[in-house]
Amino acid sequence: MTFDPRAFRDALGRFATGIAVATTRDGEGAPVGVTVNSVTSVSLEPPLVLFCLDRAANTLPAFEAAPGFALNILEEGQQDLSIRFSLFHAPDRWDGVAREAWETGSPILEGCLASLECVRHAVYDGGDHVILVGRVVRLVAREDGRPLLYWRGAYGRIG
C-alpha cells in the first residue's frame, strides 16, 4: 500500500452519501439500531440492498443473528437521529423515537424519506466490516423531502 488509511478515508469522504439507520431486534426482542452510510442497491430482481457494518460495532451480533433488518433513509431534518444511533454506548437511544414494526419486527422509524424492510439474503466478509445483504419485502417512500447527506466528514445539504 502506497498510502495510509487516513488518506484512503479522506479520498472516499469526497463521495457524498446518504445516511440511514439500520434496525433489527436482538435475541430478546429489544430494538437495535445503528447509523450507516454504506448503503447501496444490489439487484432489482430480486430486490436486494446491502449495508456494511464495522466488525467492532456493538450492534453487529444482533444483525448477524437476526433473520432480517430495515434500512431507514434519513431526511434532512433527522440529523438528531443520525447522531443518536451513531453513539457506541447509548442505552436510551430509543427513548422518544417514534417507530412501528412490520413483518420482520425490525423497527421502522417514522418520518424517514424511505424505509425498506428486508429478510437476510447473505452475509459476506468485507475486511474490517461485514457486508449484510437483504431481500426487500416491503417498502415505503415519501414523495417530498430532501436527504440527509454526509460529505468530507460532516453533514451536508443539497444546493
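Residues numbered from 1 in each chain as written. Predicted model: local features only at pLDDT ≥ 70, side-chain atom pairs only at ≥ 80, totals over all residues. Heavy atoms only, no water.

Student: Tell me about the pattern of salt bridges, residues and numbers included.
Tutor: Within the structure shown, the criterion is met by six salt bridges. The salt bridge partner of Arg55 is Asp125, with a shortest N-O separation of 2.4 Å. Residue Arg55 is located in the loop between strand S5 (48-54) and helix H2 (60-65), and its partner Asp125 is located in strand S9 (residues 114-126); the two are separated by 70 residues in the primary sequence. Under the relative-accessibility criterion, Arg55 is labelled partly exposed at 41%. (Salt bridge = Lys/Arg side-chain N within 4 Å of Asp/Glu carboxyl O. Helix = DSSP H or I, 4+ residues; strand = E, 2+ residues; numbered from the N terminus. Buried < 20%, exposed > 50% of the residue type's maximum accessible area, 1.4 Å probe, protein only.)

Student: Residue-level account of the sheet that holds strand S11 (residues 149-151), with values.
Tutor: An order of S1-S11-S12 is seen for the three strands of this open sheet, with the pairing classed as antiparallel. This sheet does not close on itself; its edge strands, each paired only once, are strand S1 (17-18) and strand S12 (154-156). (Pairing = 2+ DSSP bridges.)

Student: So what's going on with the nonpolar core? Residues and values would help.
Tutor: Counting residues in each nonpolar core, the largest one holds 19 residues, and the members touching the most others are Val36, Phe51, Leu53, Phe63 and Leu71. Elements supplying a minimum of two residues to this core: strand S2 (20-25), strand S3 (31-36), S5, H2, strand S6 (68-73), S9 and strand S10 (129-141). Not counting the four nearest positions on each side in its chain, Phe63 is found in contact with Ala22, Thr23, Thr24, Val32, Val34, Phe51, Leu53, Phe69, Arg120 and Leu132. Formed by 10 residues, the second largest nonpolar core is a distinct cluster that contains Val21, Leu74, Leu81 and Val97. (Core = buried A, V, L, I, M, F, W, Y, C linked by side-chain atoms within 4.5 Å. Contact = heavy atoms within 4.5 Å.)

Student: Please set out the packing of aromatic side chains residue by residue, giving values where relevant.
Tutor: Tallied over the entire structure, the rule returns five aromatic pairs. Both rings, one in Phe51 and one in Phe63, keep their centres 5.5 Å apart while their planes meet at 75 degrees; by these two values the pair is edge-to-face. Of this pair, Phe51 sits in strand S5 while Phe63 sits in helix H2; the two residues are 12 residues apart in sequence, bridging distant segments of the chain. By relative accessible area, which is 2% here, Phe63 ends up buried. Ring centres of Tyr150 and Tyr155 lie 5.5 Å apart, and the angle between their planes is 80 degrees; this geometry places the pair in the edge-to-face category. For Tyr150, a relative accessible area of 29% gives the class partly exposed. Chaining the aromatic ring pairs together yields one cluster made of Phe51, Phe63 and Phe69. One Lys or Arg, Arg138, reaches over the ring of Trp102 and ends 4.2 Å from the middle of that ring. Across from the ring centre of Trp151, 5.3 Å away, lies the NZ or CZ of Arg152, which sits over that ring. (Phe/Tyr/Trp six-rings, centres within 6.5 Å; stacked < 30°, edge-to-face > 60°. Lys NZ or Arg CZ within 6 Å of the ring centre and 35° of its normal.)

As far as function goes, none of this settles anything; it's purely spatial.
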